[in-house]
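A closer look at the structure
Read off the chains here:
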Amino acid sequence: MKLNASAQAKLYAMTALACGIWLIQSLYESTQDGSLTAWSTLVFSACLLVVILHSARQAVLGMKAVRKSQEEEDKPSDEER
């Protein structure tokens with residue numbers, strides 16, 4: 001089963017949001033236990049940041065494509081004029 005463009009864009013947006021919350025939680029806990037500058041925390045945070053940026057970009061591009069296709073559907077064709 002393949003998702004349509006709108007559902008796929010929403011899924012990317014939810015992924016970006018969930019990973020953003022996960023990053024904030026991870027940084028908060030690392031601050032509390034003093035491991036904020038540990039190598040593993042930095043690598044994990046960088047990886048989450050890459051996922052967040054990629055997911056957010058894909059969500060924006062997907063929503064733009066959906067809007068563009070909806071606008072094209074709403075335009076009257078030459079035959080309808």
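In every chain, residue numbers begin from 1 and rise along the written sequence. In keeping with the predicted nature of the model, local features appear solely for residues at pLDDT of at least 70, side-chain atom pairs appear and are counted solely at 80 or more, and the whole-chain, interface and lining totals rest on all residues. Neither water nor hydrogens contribute to the side-chain values; these are computed over all heavy atoms in the structure.

**What about the overall build of the protein chain?**
Each helix is a run of H or I in the DSSP string that is no shorter than four residues. Each strand is a run of E no shorter than two, and both are numbered from the N terminus. Regarding its fold elements, the protein chain presents 2 helices and 0 strands. To get the radius of gyration, use the C-alpha atoms; to get the globule rule, take the number of residues to the power 0.38 and multiply by 2.2 Å. Against the globule reference of 12 Å for 81 residues, the protein chain gives a C-alpha radius of gyration of 19 Å, more extended than a compact globule. Its C-alpha atoms give the protein chain principal-axis dimensions of about 70 × 25 × 15 Å. Relative accessibility decides the category of a residue: with a 1.4 Å probe and only protein chains considered, values under 20% of the type maximum give buried, values over 50% give exposed, and everything between is partly exposed. Burial statistics for the protein chain: of 81 residues in total, 19% are counted as buried. Any two residues having at least one pair of non-hydrogen atoms within 4.5 Å are treated as being in contact. Nonlocal contacts in the protein chain, meaning residues at least 24 apart in sequence, comprise 69% of its contacts between residues at least 6 apart. Here the protein chain contributes 8 positive and 9 negative side-chain charges, whose respective centroids are spaced 4 Å apart. Under the counting rule used here, the positive set is Lys and Arg, the negative set is Asp and Glu, and His together with the chain ends is not counted. Where a charge lies is defined by one atom per residue type, namely NZ (Lys), CZ (Arg), CG (Asp) and CD (Glu).

**What to know about a nonpolar patch on the surface**
In this scheme, patches are assembled from residues that exceed 30% relative accessible area and form no salt bridge. Like charges are connected within 9 Å, while nonpolar side chains (Val, Leu, Ile, Met, Phe, Trp, Tyr) are connected within 5 Å. Only the protein chains shown count as cover for residues, with accessible areas throughout obtained via the Shrake-Rupley method and a probe of 1.4 Å. One side-chain nitrogen of Lys or Arg within 4 Å of one carboxyl oxygen of Asp or Glu is enough to make a salt bridge. Side chains of Met 1, Leu 3, Leu 11 and Met 14 sit close together on the surface and give an oily, nonpolar patch of about 520 Å² of accessible area. Along the chain, Met 14 turns up in helix H1 (residues 5-33).

**Here we look at a negative patch on the surface**
A contiguous patch of negative charge on the surface is contributed by Glu 71, Glu 72, Glu 73 and Asp 74. Along the chain, Glu 72 turns up in helix H2 (residues 39-74).

**A short note on H1**
Helix span, expected: 1.5 Å multiplied by one less than the number of residues in the helix. Under the 1.5 Å per step criterion, the end-to-end length of H1 is 42 Å for 29 residues, consistent within 8% with the ideal 42 Å. Along H1, the positions that sit buried rather than exposed are Ala 9, Ala 16, Cys 19, Gly 20, Leu 23, Ser 26 and Ser 30. Summarising the contacts, the buried residues of H1 are in contact with H2. Residue Gly 34 follows H1 closely and has a positive phi angle near 80°.

**Description of the side chain of Ser 45**
Secondary-structure assignment places Ser 45 in helix H2. On the basis of relative accessible area, Ser 45 is assigned to the buried category, the value being 11%. Dropping the residues within four chain positions of it, Ser 45 is found in contact with Leu 23 and Leu 27.

Remember, this is a structural readout, not a statement about activity or role.
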